[in-house]
Amino acid sequence: RAKAHGRGRAEIFDETLRLQLTERAELEAAIAHGLAHGEMQLHYQPVIDVASDRLTGYEALVRWQRPGHGMVPPDRFIPVAEGSRLIGDVDRWVLHEATRQLAQWRTECPARPGEPGPTVAVNISGRHLADRRVVGDVADALAASGLPARLLVLEVTETVLVDDPVAFDHLSELRAMGVSIAIDDFGTGYTSIGQLRDMPVDTLKIDRSFVGSAEPAHRELVALMIRAAHTFGLTVVAEGVEEPEQLERLRSQACDQAQGYLLHRPMPAAEAGALLGRTEAVGPV
Ligand code: C2E
Ligand code: MG
Ligand code: MG
Ligand code: MG
């Protein structure tokens, strides 16, 4: 039976594969076109200091306003870009735009004397981080914008740090330039808390699957991550805070910063910039 159907199946398989490859090639071409024609934009999600409710910075999140398709979220095109050289182009564009925007906000609304002012965090793909050019790309964005290096945070996933010695070296170089490094989605990979001690990182972002979990074991784990990170001198950000109880718990666990729909959703630059001029707390009271 299998033999009798074998040929037909192979043809169906070929056809499916051909379609997938065509779709992928079309999507890649559309991303490249979009980058060249101003279809990409950044939304900014505020990050809040848990103790004071004050703004500490923003995470820049890319969106693609694709004609005829509406707003395409990053999960729908970043993986495709990561499969080709395009991811370097996307990351470079995001680096330039995010640093340019924060530098502009700083001229419009200077930080108060003695305060560093808010940071901007940019997500860097593992593939781009493994590319030798990443160090120069970050240096170029800082030079073009005039933004002080200490106000730029690069977010990387933990697998990059554990699996790739080349990326690890690039991160060490970037950190030596004064840029901060954050481990994104911490807890979803296989890093043990002890390994944090030897990593070139400044900040730990706890994945929202732990922050939002009702399981007592997960809550204990969050408390443990915060204590361990503090032991190693790292700042802790909780991602995906959606409920007031979560924020209260994080406060009692001495978590440093929080980000999530409860506080602010990611928003266009004009709205995000308006938060800067406010002197009062920007989180929920
Ligand atoms: P991420 O870096 O972990 O970003 C956080 C994601 O969680 C964002 O989704 C954000 O909108 C969402 N989020 C924030 N608060 C909440 C909350 O309270 N509840 C829930 N359910 N979600 C929340 P977004 O913008 O769709 O981005 C998804 C992922 O795409 C990012 O995860 C990041 O890995 C990637 N990404 C986004 N922008 C870029 C970029 O410029 N370059 C690269 N290489 N990757 C990017
Ligand atoms: Mg991130
Ligand atoms: Mg994350
Ligand atoms: Mg993520």
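Each remark here, short or long, concerns the structure printed above.
None of the values given here were measured: they were computed from a predicted structure.

Asker: I'm lost on the nonpolar core in this one. Help?
Answerer: Grouped burial of nonpolar side chains is what soluble globular proteins tend to show. Of all hydrophobic cores here, the largest spans 75 residues; its most connected members are Ile31, Tyr44, Leu129, Leu152 and Leu154. Looking at this core element by element, the count peaks at nine residues for helix α3 (residues 86-108). Leave out the neighbours within four places in its chain, and Leu152 touches Leu95, Thr99, Val120, Val122, Val138, Leu142, Val179 and Ser180.

Asker: I'm lost on a nonpolar patch on the surface in this one. Help?
Answerer: A cluster of nonpolar side chains, contributed by Phe13, Leu17 and Leu21, occupies part of the molecular surface with about 310 Å² of accessible area. Within the element layout of this structure, Leu17 appears in helix α1 (residues 2-36).

Asker: Would you mind going over the packing of α3 against helix α5 (residues 134-145) with me for this structure?
Answerer: Between two packed helices, what matters for the description is the angle formed by their axes and the separation of those axes. Look at α3 against α5: their axes get within 9 Å of each other, and the N-to-C directions meet at 30°. In terms of their interaxial angle, α3 and α5 are classed as roughly parallel. Crossing hand, α3 versus α5: right-handed. Listed contacts from α5 to Arg92, Leu95, His96, Thr99, Arg100 and Ala103 of α3 are Asp137, Val138, Asp140, Ala141, Leu142, Ala144 and Ser145. Of the residues contributing to the contact of α3 with α5, the split by class is six nonpolar, three polar and four charged.

Asker: When you look at unusual backbone geometry in this model, what are you seeing that I'm missing?
Answerer: Backbone geometry follows two general trends: most residues other than glycine have a negative phi, and most peptide bonds adopt the trans configuration. Despite not being glycine, Asp53 shows a phi value in the positive range, around 65°. Note on Asp53: relative accessible area 12%, which makes it buried. Even without being a glycine, Asp185 presents a positive backbone phi close to 55°. Along the chain, Asp185 turns up in strand β6 (residues 180-186).

Asker: Any chance you could explain helix α9 (residues 216-231) here in plain terms?
Answerer: An α-helix turns once per 3.6 residues; consequently, residues spaced three or four apart project the same way. Over its 16 residues, α9 runs 23 Å from end to end, which matches the ideal 22 Å to within 8%, given 1.5 Å per residue. Buried residues belonging to α9 abut β6, β7 (203-206), α8 (208-211), β8 (235-238) and α10 (244-252). Within two residues after α9, Gly233 carries a phi angle of roughly 80°, on the positive side.

Asker: When you look at the coordination of the magnesium ion (ligand 2) in this model, what are you seeing that I'm missing?
Answerer: In a perfect tetrahedron of four donors around a metal, the angles come out at 109.5 degrees. In a perfect octahedron of six, they are 90 or 180 degrees. The magnesium ion (ligand 2) binds to the protein through Glu59 (OE), Asn123 (OD1), Glu155 (OE) and Asp184 (OD); the donor distances cover 2.0 to 2.2 Å. Within one chain, the residues serving as donors to the magnesium ion (ligand 2) are arranged as E-x63-N-x31-E-x28-D. Taken as an interatomic distance, the gap from the magnesium ion (ligand 2) to the magnesium ion (ligand 3) is 3.9 Å; Asp184 donates to each of them. Here the residue Glu59 occupies a position in strand β2 (residues 55-66), and Asn123 occupies one in strand β4 (residues 119-123), the gap between them amounting to 64 residues.

About the criteria used
Residues numbered from 1 in each chain as written. Chains lettered and ligands numbered in written order. Predicted model: local features only at pLDDT ≥ 70, side-chain atom pairs only at ≥ 80, totals over all residues. Heavy atoms only, no water. Core = buried A, V, L, I, M, F, W, Y, C linked by side-chain atoms within 4.5 Å. Buried < 20%, exposed > 50% of the residue type's maximum accessible area, 1.4 Å probe, protein only. Helix = DSSP H or I, 4+ residues; strand = E, 2+ residues; numbered from the N terminus. Contact = heavy atoms within 4.5 Å. Patch = residues over 30% accessible without salt bridge, like charges linked within 9 Å, V, L, I, M, F, W, Y side chains within 5 Å. Areas by Shrake-Rupley, 256 points an atom, 1.4 Å probe, with all protein chains shown as cover. Salt bridge = Lys/Arg side-chain N within 4 Å of Asp/Glu carboxyl O. Axes fitted to C-alpha atoms, helices over the stretch in contact; angles between N-to-C directions. Parallel < 35°, antiparallel > 145°, perpendicular 65-115°, else oblique. Left-handed = near helix turned anticlockwise from the far one by under 90°. Nonpolar A, V, L, I, M, F, W, Y, C, P; charged D, E, K, R; others polar. Expected span 1.5 Å × (residues − 1). Donors = N, O, S within 2.8 Å, 3.2 Å for Na, K, Ca; no water.

Function cannot be inferred from these measures alone, as they are strictly geometric.
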